[in-house]
Amino acid sequence: MPALKLLYLPPPVTEEWDWQMDAACRDADGSLFFHPDNERGDARENRMASAKKVCARCPVREKCLQYALDSGERYGIWGGLTEDERTRVRKARRRRTSR
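Residues numbered from 1 in each chain as written. Predicted model: local features only at pLDDT ≥ 70, side-chain atom pairs only at ≥ 80, totals over all residues. Heavy atoms only, no water.

## Things to note about the layout of surface pockets
Move 1: Within this model, the largest pocket holds a volume of roughly 310 Å³.
Move 2: Along the walls of the largest pocket sit 20 residues, with Ala23, Cys25, Arg26, Cys64 and Trp78 positioned nearest its centre.
Move 3: Within the residue set of the lining of the largest pocket, elements represented by two or more residues are helix H3 (41-56) and helix H4 (61-71).
Move 4: Of the residues that constitute the lining of the largest pocket, the class distribution is 14 nonpolar, 3 polar and 3 charged. (1 Å grid on protein atoms, 1.4 Å probe; cavity = no way out; pocket = protein on both sides within 12 Å on 5 of 7 lines; lining within 4 Å. Points joined across faces, edges and corners; volume = space filled by probe spheres on them. Helix = DSSP H or I, 4+ residues; strand = E, 2+ residues; numbered from the N terminus. Nonpolar A, V, L, I, M, F, W, Y, C, P; charged D, E, K, R; others polar.)

If you want it as structure tokens, here you go:
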């Protein structure tokens, strides 16, 4: 019986996360992508714009966004989209699927 369990092992983690090695944000300050408590107004807009500039030149942007959408990432900028933007994408997908 133990041999049967081998058929159901998850894929190797390395292959699932390899895309991160090519990410443009790999060497960036992580605080650029996650807002501090009580950040508002121009400071928040400027930080998000800077993060999105990094994402715009990223060769793995689509994989990053897909990861965030699939995993339900609730915080930060992933694949060039904010939390609110990803929420809208998820809702639109659900509407299309329910039709």
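## Considerations on the packing of aromatic side chains
Move 1: With the rule as written, the count across this model stands at 3 aromatic pairs.
Move 2: Here the aromatic rings of phenylalanine 34 and tryptophan 78 are separated by 6.4 Å at their centres, their planes lie at 80°, and the arrangement is edge-to-face. Pair noted here: phenylalanine 34 is in the loop between helix H2 (13-17) and H3 and tryptophan 78 is in the loop between H4 and helix H5 (83-98), with a separation of 44 residues, a long-range link.
Move 3: For phenylalanine 34, a relative accessible area of 37% gives the class partly exposed.
Move 4: Taken together, the ring pairs connect Trp19, Phe34, Tyr67 and Trp78 into an aromatic cluster. (Phe/Tyr/Trp six-rings, centres within 6.5 Å; stacked < 30°, edge-to-face > 60°. Buried < 20%, exposed > 50% of the residue type's maximum accessible area, 1.4 Å probe, protein only.)

## A short note on the nonpolar core
Move 1: Membership of the largest hydrophobic core comes to 14 residues, with the highest contact counts inside it found for Phe33, Cys58, Val60 and Ile77.
Move 2: The set of elements that each furnish at least two residues to this core consists of H3 and H4.
Move 3: With 4 residues, H3 is the single largest residue contributor to this core.
Move 4: When residues no more than four places from it in sequence are discounted, the contact partners of valine 60 are Trp19, Asp22 and Ala23. (Core = buried A, V, L, I, M, F, W, Y, C linked by side-chain atoms within 4.5 Å. Contact = heavy atoms within 4.5 Å.)

## Focus on the UniProt feature "binding site: [4Fe-4S] cluster" (unreviewed entry) in the protein
Move 1: Mapped onto the present numbering, the UniProt feature "binding site: [4Fe-4S] cluster" (unreviewed entry) falls at Cys25, Cys55, Cys58 and Cys64. A maximum C-alpha distance of 10.7 Å is found for the annotated residues, which run over 40 residues; spatially they form one tight group. Among the residues just listed, Cys25, Cys55, Cys58 and Cys64 line the largest pocket.
Move 2: One can find cysteine 25 in the loop between H2 and H3.
Move 3: Here cysteine 25 falls in the partly exposed class, since its relative accessible area comes to 32%.
Move 4: Beyond its immediate sequence surroundings of up to four residues, cysteine 25 is in contact with Phe33 and Val54. (UniProt positions renumbered as here; feature names shortened; annotations may be inferred.)

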